[in-house]
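Residue strings, one per chain:
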Amino acid sequence: MSKRQIEIFTAGCPVCEPVVQLVKETAGKDCEITLHNLSEQCESKICISKMKEYGVKRVPAIAVNGKLLDCCTNIEITKDDLTNAGIGSC
């Protein structure tokens, strides 16, 4: 059995750190965890290309075996959201 590849996308912030800990505590010995701190934009820029490839729109986000978890998809702030909240009319 091959190892399950887990990738965590963070900004190294206090909101992200508990999620990182949760994944580490939950993962078993057959899991390989890679942490992508987007605020540091790793030297090779692999974290940025993976972020785009997986469609990461917010952090923290988690991908398993190259697929973003359902809880981490389609959550982005849009201009419509801002306009509907009255931003732009002030």
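In what follows, the accompanying structure is described. (Residues numbered from 1 in each chain as written. Predicted model: local features only at pLDDT ≥ 70, side-chain atom pairs only at ≥ 80, totals over all residues. Heavy atoms only, no water.)

1. Some details on the overall build of the protein chain
Phase 1 of the analysis: The helix and strand inventory of the protein chain stands at 3 helices and 4 strands.
Phase 2 of the analysis: The N-to-C order of helical and strand elements in the protein chain reads β-α-β-α-β-β-α.
Phase 3 of the analysis: Taking 12 Å as the expected radius of gyration for a compact globule of 90 residues, we find that the protein chain reaches 15 Å, considerably beyond that expectation.
Phase 4 of the analysis: Taking the principal axes of the C-alpha coordinates as reference, the protein chain spans close to 55 × 30 × 25 Å.
Phase 5 of the analysis: Relative to its 90 residues, the protein chain shows a buried fraction of 24%. (Helix = DSSP H or I, 4+ residues; strand = E, 2+ residues; numbered from the N terminus. Rg over C-alpha atoms; globule rule 2.2 N^0.38 Å. Buried < 20%, exposed > 50% of the residue type's maximum accessible area, 1.4 Å probe, protein only.)

2. Observations regarding the environment of I33
Phase 1 of the analysis: Mapped onto the elements, I33 comes out in strand β2 (residues 31-37).
Phase 2 of the analysis: Expressed as a C-alpha distance, the spacing of I33 and I6, which sit 27 residues apart in the sequence, is 4.7 Å.
Phase 3 of the analysis: Setting aside its immediate chain neighbours within four residues, I33 contacts I6, I8, V23, K24 and A27. (Contact = heavy atoms within 4.5 Å.)

3. Focus on helix α2 (residues 46-54)
Phase 1 of the analysis: Here α2 has its buried residues at C47, I48 and Y54. Axial view of α2: buried residues confined to an arc of 140°, hence all on one face. For α2, the exposed residues set more than 90 degrees away from the buried face come down to K52 and E53.
Phase 2 of the analysis: For α2, the secondary structure elements touched by its buried residues are β1 (4-10), β2, β3 (61-64) and β4 (67-68).
Phase 3 of the analysis: Immediately beyond the C-terminal end of α2, within one or two residues, lies G55, with a positive phi of roughly 80°. (Arc of directions from axis to C-beta.)

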